[in-house]
Amino acid sequence: MQMQMLTKFETKSSRVKGVAFHPKRPWILSSLHNGSIQLWDYRMGTLLERFEEHEGPVRGISFHPTQELFVSGGDDYKVKVWNYRTRRCIFTLQGHLDYVRTVYFHPEQPWIISASDDQTIRIWNWQSRQCIAVLTGHNHYVMCAQFHPTDDLVVSACLDQTVRVWDISGLRRKNAAGAQPMMADPLSSQRMNAQGDLFNVTDVVVKFVLEGHTRGVNWATFHPTMPLVLSCGDDRQVKIWRMNDSRAWEVDTCRGHYNNVNSALFHPKRDLILSDSEDKTIRVWDTSRRTLLQTFRREQDRFWCLTAHPELNLFAAGHDNGLLVFKLERERPASTIHQNSLFYIKDSQVRLHDFATGNDAPMVSIRSAPAGQYLPPPRSMSFNPAEKAILLTSDAEGGSYELYTLPRQVTGQVADSGQAHRGAGSSAIWIGRNRFVVLDKAEQQLVVKRVPNQNPRTIKPPASVEAIFPAPGSQILLATSTSVILFDVQTCQTVAEINAAPVKYVAWSTDMSKVALLCKHTIVIASKQLEQLCQIHETIRIKSAVWDDPGVLLYSTLNHIKFALPQGDSGIIRTIDNPIYLMRVQGGDIHCLDREANVQVIKIDPTEYRFKLALLRRNYEEVVSIIRNSNLVGQSIIAYLQKNGYPEIALHFVRDDTARFELALECGNMDIALETAKAIDKPAYWEKFSQEALNRGHIHMAELAYQRVKAYDKLSFLYSITGNAEKLAKMHKISVMRDDLQSRFQNAFYLGDIEDRVRTLRDAGQHALAYLTAKTHGLNEEAEAIRAAAGIEESDIVGLPNPNAAKLLQPATPIISSPELDWPQLHVTKGVFDGKFNFGDKNIGPHPKKSRVADLATASVDADETSGAWDIDDGDNMGESGVAAFDSRSATGFGIEQDLLGDDNEDDGEGGWGIDDDGELDAEIAAEATSAMEAEFVAPQPGVNELEIWSRNSPLAVDQIAAGNFDQAMKLLRDQVGIVSFEALKPAFMEIYSASRSILTTVPFGLASRIPLRRNPAETTEMSQYLPAQIYSLTSSLEQLQQGYRATTAAKFEEALELFRRLLLSLIFVSVDSTEDAEELKQLLLICREYVTGISIELERALVSKEEPTDENNTRLVELAAYFTHCQLRADHEKLALRLAMNTAYKHKCFKAAGEFAQRLVDLVPAPQIAEKARKMITICDRQSRDTLPIKYDARNPFVVCAASHTPIHRGEAAVNCPYCQASYKPEFEGDLCRVCTIAQVGAKATGLRLLVSSD
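Residues numbered from 1 in each chain as written. Predicted model: local features only at pLDDT ≥ 70, side-chain atom pairs only at ≥ 80, totals over all residues. Heavy atoms only, no water.

Put simply, the test is: UniProt positions are given in the numbering used here, feature names are shortened, and annotations may be inferred rather than shown by experiment.
In the nomenclature of an unreviewed UniProt entry, the protein corresponds to Coatomer subunit alpha from the organism Coemansia spiralis. Per UniProt, the protein has the following entry under Function (unreviewed entry): "The coatomer is a cytosolic protein complex that binds to dilysine motifs and reversibly associates with Golgi non-clathrin-coated vesicles, which further mediate biosynthetic protein transport from the ER, via the Golgi up to the trans Golgi network." UniProt annotates the protein under Subunit (unreviewed entry) with the comment "Oligomeric complex that consists of at least the alpha, beta, beta', gamma, delta, epsilon and zeta subunits."

**Things to note about the overall build of the protein**
Formally: The helix count covers DSSP runs of H or I at least four residues long, the strand count covers runs of E at least two residues long, and both are numbered beginning at the N terminus. Buried means the residue's accessible area, taken with a 1.4 Å probe over protein chains only, is under 20% of the maximum for its type, while exposed means over 50%, and partly exposed covers the values in between. Whether two residues are in contact is decided by their heavy atoms, any of which lying within 4.5 Å being enough. Residue exposure ignores everything except the shown protein chains as possible cover, and the areas themselves are Shrake-Rupley values with a 1.4 Å probe.
The helix and strand tally for the protein stands at 31 helices and 61 strands. Looking at the protein as a whole, 51% of its 1256 residues qualify as buried. At a minimum sequence separation of 6, the contacts of the protein that also span at least 24 residues come to 50%. Carbon and sulfur atoms make up 47% of the accessible area of the protein, which totals about 58,600 Å².

**With respect to the UniProt feature "repeat: WD" (unreviewed entry) in the protein**
Look at the UniProt record and you will see "repeat: WD" (unreviewed entry) annotated at residues 9-50, 51-92, 93-134, 135-169, 210-251 and 254-295. For residues 135-169, the helix share is 3%, the strand share is 57%, and the end-to-end C-alpha distance is 14 Å.

**Observations regarding the sheet that holds strand β9 (residues 88-94)**
The condition is simple: Here the rule is simple: two strands pair whenever DSSP picks up at least two bridges between them. Between the N-to-C directions of two axes lies an angle of 0 to 180 degrees, each axis being a line fitted to C-alpha atoms and, for a helix, fitted only over the stretch in contact.
As summarised here, the arrangement of the 4 strands in space is β6-β7-β8-β9, forming an open sheet in which the pairing is antiparallel. Each having just a single partner strand, β6 (58-63) and β9 make up the two edges of the open sheet. Across the sheet, the mean angle separating the axes of adjacent strands is 20 degrees when strand polarity is ignored. The sheet contact formed by β6 and strand β7 (residues 69-74) spans 5 bridges and is antiparallel. Following the sheet pairing, Ser62 is matched in β7 by Val71.

**Structural notes on the packing of aromatic side chains**
Formally: Pairing of aromatic rings covers Phe, Tyr and Trp, the last through its six-membered ring, and needs centres within 6.5 Å; plane angles under 30 degrees mean stacked, over 60 mean edge-to-face, and all others mean tilted.
In total, this model carries 31 aromatic pairs according to the counting rule given. Where Tyr401 meets Phe436, the ring centres are 5.6 Å apart and the plane angle is 65 degrees; that geometry is what we call edge-to-face. Here the residue Tyr401 occupies a position in strand β35 (residues 400-405), and Phe436 occupies one in strand β38 (residues 435-440), the gap between them amounting to 35 residues. Tyr401 sits in the buried class, given a relative accessible area of 0%. Taken together through their ring pairs, the aromatic side chains of Trp27, Phe51, Phe63, Phe70, Trp82 and Tyr84 make up a single cluster.

**Quick look at the sheet that holds strand β29 (residues 335-338)**
Spatial strand order, β29-β30-β31-β32: 4 strands in an open sheet with antiparallel pairing. Of all the strands in the sheet, just β29 and β32 (360-365) have a single pairing partner and so form its edges. On average, each strand axis in the sheet is inclined to that of its neighbour by 25 degrees, with strand direction left out of account. Across 6 bridges, the pairing between strand β30 (residues 341-346) and strand β31 (residues 349-354) is antiparallel. Within β31, the position partnered with Ile345 by the bridge is Val350.

**Some points on the nonpolar core**
What counts is decided by this rule: The term nonpolar core refers to a set of buried residues drawn from Ala, Val, Leu, Ile, Met, Phe, Trp, Tyr and Cys, joined through side-chain atoms within 4.5 Å.
Grouped together as the largest cluster of nonpolar side chains are 99 residues, with contacts concentrated most on Leu985, Phe1069, Tyr1220, Cys1221 and Tyr1225. The element contributing the most residues to this core is helix α27 (residues 1075-1105), with 11 residues. In this structure Tyr1225 touches Cys1202, Ala1203, Ala1204, Ile1209, Ala1215, Val1216, Cys1218, Cys1234, Arg1235, Val1236 and Val1242, once residues within four positions along its chain are discounted. Of all hydrophobic cores here, the second largest spans 27 residues; its members include Phe661, Ala664, Ala677 and Tyr712.

**Here we look at unusual backbone geometry**
Backbone geometry at Met512 places phi at a positive 60 degrees, although glycine is not the residue there. Within the fold, Met512 resides in the loop between β45 (505-508) and β46 (514-518). For Met512, a relative accessible area of 28% gives the class partly exposed. Within the chain, Leu530 stands out as a residue other than glycine whose phi angle is a positive 60 degrees. Positionally, Leu530 belongs in the loop between β47 (522-527) and β48 (532-537). Residue classification places Leu530 among the buried positions, given a relative accessible area of 4%.

Shown next as structure tokens:
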């Protein structure tokens, strides 16, 4: 029987020269001949990332076994270490002089081994980033070098036709002793020890030299557990070597390839060898007999590399057009279930597992592969409880089955299977007590046999059948390429048919009423008559499925255990690390098999899918039970309930007030909506609540909402449309006290009070309109008084309307005057979930002994205790208590007559607008009203101006500017950052001040209202949180930074200097809310300082270059170019600065400095042509390592540049700093104005710029 290559994943790309599996995640790296590195998820089949920094082909690639690292080596002579989480190269190891062929991490030590065409092998310490050993001895290209998985050995393969095994135990001892790494400078090493070995041959020694290949050796590797070495080469042979402590010898040779063999490896778990070759084949060999088992051939692609997964049975091979991930055999163990017993195959034995007791015992052994041959494992199993027999089906011999009889008693010993009955057939299942049916796929016929293989009967299927599966009674399922047929074997008739993709497995429910047809990426759930109920699609492969007792399908994919309901809803139960095969579900336990045929029990929480199933079946009692007894929460369950029309149920799962508010509105539960609105207490939510309350006719709830947000105009309109003239009159009096002319005029209009309309117009300065209104409505005395006050003669007034034609506008009389009642509501029967649950302090459901109106009244008292009556002060907004505005204390405070607020003789008793259903006043409010009647008049106190509130709430200079406290802002800036010149900041001061307020024009010729603009109006509910709007932000600063970068890149230095200096000044006025943002602002300030300093240096260099080319000027040119490179610029700008300095120094024959600049440029990895030029510059300058000009520049002596003189200040020399931008200066510039920021005094004492409002 031939072995199969089961391809799991394949890519199309440029030639793949190296592949590496991640040890834990389903990832694979491929290094390509075009210089790119690709990271793939082979389970999902998606490209995760590309890494492109190598120049030329990348030949070696390897993941670190535990860290988030991988290493690569390529034809650019470089070994690069990458962090795949940050998606960048961390560092580059340089030392090889030719192509790097392979790179690998040590399994324990922080080492990397690399093999190169420079005939050496290098071992690097990736933590110290040093080369710790150079292994020499090969005299041709070293094609491969690898560490031993457990021992202190290294194996290498070379084109000099040898394989070498190296002993690195000395290197391990040296590393454990904390010895210093190998010196980078050979002369230093020789000075330390005249007999010192440059190449550390005392640390790493050659243990064996294996000679036997007749041509170059391309690959060598160790066996993971045995003392074996495997090698292959251009002689088209694969050789096996054995070694002991003293010698190594050739064991055997595998011949069969007819072109160069590029790589080979031992199978991690079986006695197999895999090799790939340029003859376009992958071959599998038997390790013990050295015979060829299988050849896998591709027509167009030569294979270049091969690797095995460190833990899973997966392999990957790279070829000319991509890579493929494959395995050599199916890993799903054959199994079947009968009642509480699981029968499965493991280690060529039929085993029995009891779900109830957990006992597991072998039953009988099955046929195993003869020596030197391959026998595929059984693919499926069918159990006959009557005969105690099993049918095993496998792909052996083109498809065959075996019939085994199991022992009647389980003894724990493997029973003798005797002579198993075998036959040809691709599938075999039991259909009766002693009958089974076999599918002969080649002949396309069904063969019904009796035990033991007697009297076969042949049936022609109705279609071309790929597989057969069991079904109830004498029926079977026939799977074709496009459908599944329910076929009755006795009558030879088709019972039903359903369309489906090729079906791999079938799972029947416990009562055989439903069936799940498992395809590669699809599950079709159907009834027992194959009537489709739903279809579920997955993006990754479906591995197995099993039915829960209540009728929910649980299935596993490569990554998850999921559930599916009969109507199609599905969800994730839990994630899994490796694929499993579900066998049985018992409560919260899933019994399953893994790929090693081990029985596992996985704990799950079935609450979610049982809850959804109960909803689907309308089993509301179970729904109630689950809600009460489980902790079923999460956004997914809430979204599911909303989507399926159960917001009232979702309401019982939510603890968050915002979510409960939205759900309560959706299901019309206004009581909970009101409760959560009170808890949130934000204007946006009260506004939304008021709209919904009006839509549903809840007048008192809408009234409460308007009071909470101080919506005077809406309250007036509400009282107008409901005919509540009494409360409308109160609104009018409050508008008078608030001195709100617009609201006053509107209320007078609603009330039809013409006299007050005239007075309002006079108070607003609209004398013409007041005269016209009075004259039109017959108020002649008032009109004359207005005319006389205006000093206008009556003869000068023309165009007056006819008073007889005028008609007073009166508010509409309501048809039903019932201002104290809500609109009529339809009687709705209470639902099954209404008021059933109580989650502690949430008080879910209406209160049985407390009406809504009483609730509102209580809320009014509570609000009044918090902040008093409506807190009307100086025309500002009302206070937080909206409802208590009309109680007796408020009325007395405003000097309003008691009978206007509520007569004690009235029945409705509206003391605090909290109206009980029985119309009686709450006792506490009534007592307050009585005491307030006897109180004397107290004039209201003026409120606090919002600008003053801003000034109190914030210690930041920018907020003081917005509040108009310029002096305080300048004092803060002087103390914090030493600013002494505010001329440059004047435009910003005015801009901030203007942007923090708006002008609102109310009526023509009326006084405009100035509206303060707050920073976050929707989020600030407390007065202590009020802050002005800000125009300078971190986001806008970053945009301006990009403009400065672009100007610098375009060499527009004057424009860039202006942009960076403007940004530097604006950072003073940026306030942030977190320490992280504050750190970003500090980083921005540093960047601006460096760019202003650097560009100033470059502008001075440009001026010097235009002067007469004297030695002094030439020296200054080179110095300025050198200082420019030491400013902290972006990488691309630093490269430009280094190129400029390199050319300037070389032009003036400062070869030593030019060489240093060129070396720094090469280290930054510029474009290839620039790097090539820099390397040539290094070569030229090394020959003439001197400077012809006496430049004051020493790159090895750390320094900063004086921002005034543009000369170096070396470490240890005296210096002073700007307190704002921290620019450095020589001591003689102390007290001057900073040349960088132009506003602060150099050397001034300062406390530091404050960026956060809160000091927490």
